[in-house]
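Listed below are the residues making up each chain.
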Amino acid sequence: MTRAAVPGLASRYPIGGLLPALYADDDLAQRFTAGLDTVLAPVLSTLDNLPAYFDPALAPADFLPWLSSWVGAAIDPAWPEELRRAVVARAVDLHRWRGTRRGLIEHLRLCFGVHADVQDGGGVAWSSEPGAELPPAPTGELLVRVWAVRGGPVDASRVHDVVAASCPVHLTCRVEILPGPPDESGG
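(A) Representation of the overall build of the protein. Each helix and strand in the protein was counted, giving six helices and three strands. Counting helices and strands in the order they occur from the N terminus, the protein gives α-α-α-α-α-β-β-α-β. Here the protein has a C-alpha radius of gyration of 27 Å; the compact-globule value for 187 residues is 16 Å, and the former is much larger. By its C-alpha atoms, the protein is 95 × 40 × 25 Å across when sized along the principal axes. Of all 187 residues assigned to the protein, the portion counted as buried reaches 28%. Partitioning the intrachain contacts of the protein with sequence separation of at least 6 by distance along the chain shows that 54% fall at a separation of at least 24. Summing over all exposed atoms, the protein offers an accessible surface of approximately 12400 Å²; the carbon and sulfur share of this is 60%.

Following this line, the structure appears as structure tokens:
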């Protein structure tokens, strides 16, 4: 879609009616201003509706990539329009939680409709008991296990791309696609 000339779009503010009375009956002046009305009508219409362009739910579909660049949301053109709108709308909230388990889980849920279990082997451990035995060495691996909400297919490579982009540089990341939620024993 383009916001250039729109055939048949009438101007809400015709210039011919704003001319002094001397030009009201002048055929040339009225035809000339009617041509300007045709050119300016889309501009005036856009300005009249400008707040809608900044609302992800109302913005024209071809405007979403530009709007997403404002909020730092990476949207895939292959995604359905509803998903692209939802990602742009939630981008600021997702940035607030970026780099956390919650942020990664929410990002995966929003983009792929999956549940996720994130196990971070980044190496921070502590004990509330003084003199306790040292904890085991960190695994150095970010393990993300995902399963579909409604049991549908999950695109493992796309999930891995999102996880890899969120994984800290000092960890390796691994993604497991599960048929359902993991059991409480960790398997």
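(B) Just helix α5 (residues 101-112), in detail. The first and last C-alpha atoms of α5 sit 16 Å apart over 12 residues, in line with the 16 Å expected at 1.5 Å per residue. Those residues of α5 that sit buried are Gly103, Leu104, Ile105, Leu108, Leu110 and Cys111. As for α5, its buried residues are in contact with α4 (81-96), β1 (114-120), β2 (141-148) and α6 (156-166). Directly beyond the C-terminal end of α5, a positive phi value near 65 degrees is found at Gly113.

(C) Highlighting the state of the cysteines. Counted according to the given criterion, the structure contains zero disulfides. No disulfide involves Cys111; its nearest neighbouring cysteine sulfur is the one of Cys173, lying 16 Å away. This cysteine, Cys173, is not joined by any disulfide, and Cys167 carries the nearest cysteine sulfur, 4.4 Å off. Judged by relative accessible area, which is 21%, Cys173 ranks as partly exposed.

(D) Layout of the pattern of salt bridges. Counted under the stated rule, the structure contains 11 salt bridges. Across the pair Glu141 and Arg174 runs a salt bridge whose closest N-O atoms are separated by 2.9 Å. Residue Glu141 is located in strand β2, and its partner Arg174 is located in strand β3 (residues 172-177); the two are separated by 33 residues in the primary sequence. What makes Glu141 partly exposed here is its relative accessible area of 23%. Overlapping salt bridges, with partners in common, bring together Arg90, Asp93, Arg96, Glu106 and Arg109 in one network.

(E) Spatial organisation of a nonpolar patch on the surface. Taken together, the side chains of Phe32, Leu36, Val39, Leu40, Val43, Leu47, Leu50, Phe54, Trp66 and Trp70 define a hydrophobic patch exposed on the protein surface, amounting to about 970 Å² of accessible area. Only α1 (27-48) and α3 (64-71) provide two or more residues apiece to the nonpolar patch. Along the chain, Leu50 turns up in helix α2 (residues 50-53).

Reading guide: rules and limits
- Residues numbered from 1 in each chain as written.
- Predicted model: local features only at pLDDT ≥ 70, side-chain atom pairs only at ≥ 80, totals over all residues.
- Heavy atoms only, no water.
- Helix = DSSP H or I, 4+ residues; strand = E, 2+ residues; numbered from the N terminus.
- Rg over C-alpha atoms; globule rule 2.2 N^0.38 Å.
- Buried < 20%, exposed > 50% of the residue type's maximum accessible area, 1.4 Å probe, protein only.
- Contact = heavy atoms within 4.5 Å.
- Areas by Shrake-Rupley, 256 points an atom, 1.4 Å probe, with all protein chains shown as cover.
- Expected span 1.5 Å × (residues − 1).
- Disulfide = S-S within 2.5 Å.
- Salt bridge = Lys/Arg side-chain N within 4 Å of Asp/Glu carboxyl O.
- Patch = residues over 30% accessible without salt bridge, like charges linked within 9 Å, V, L, I, M, F, W, Y side chains within 5 Å.

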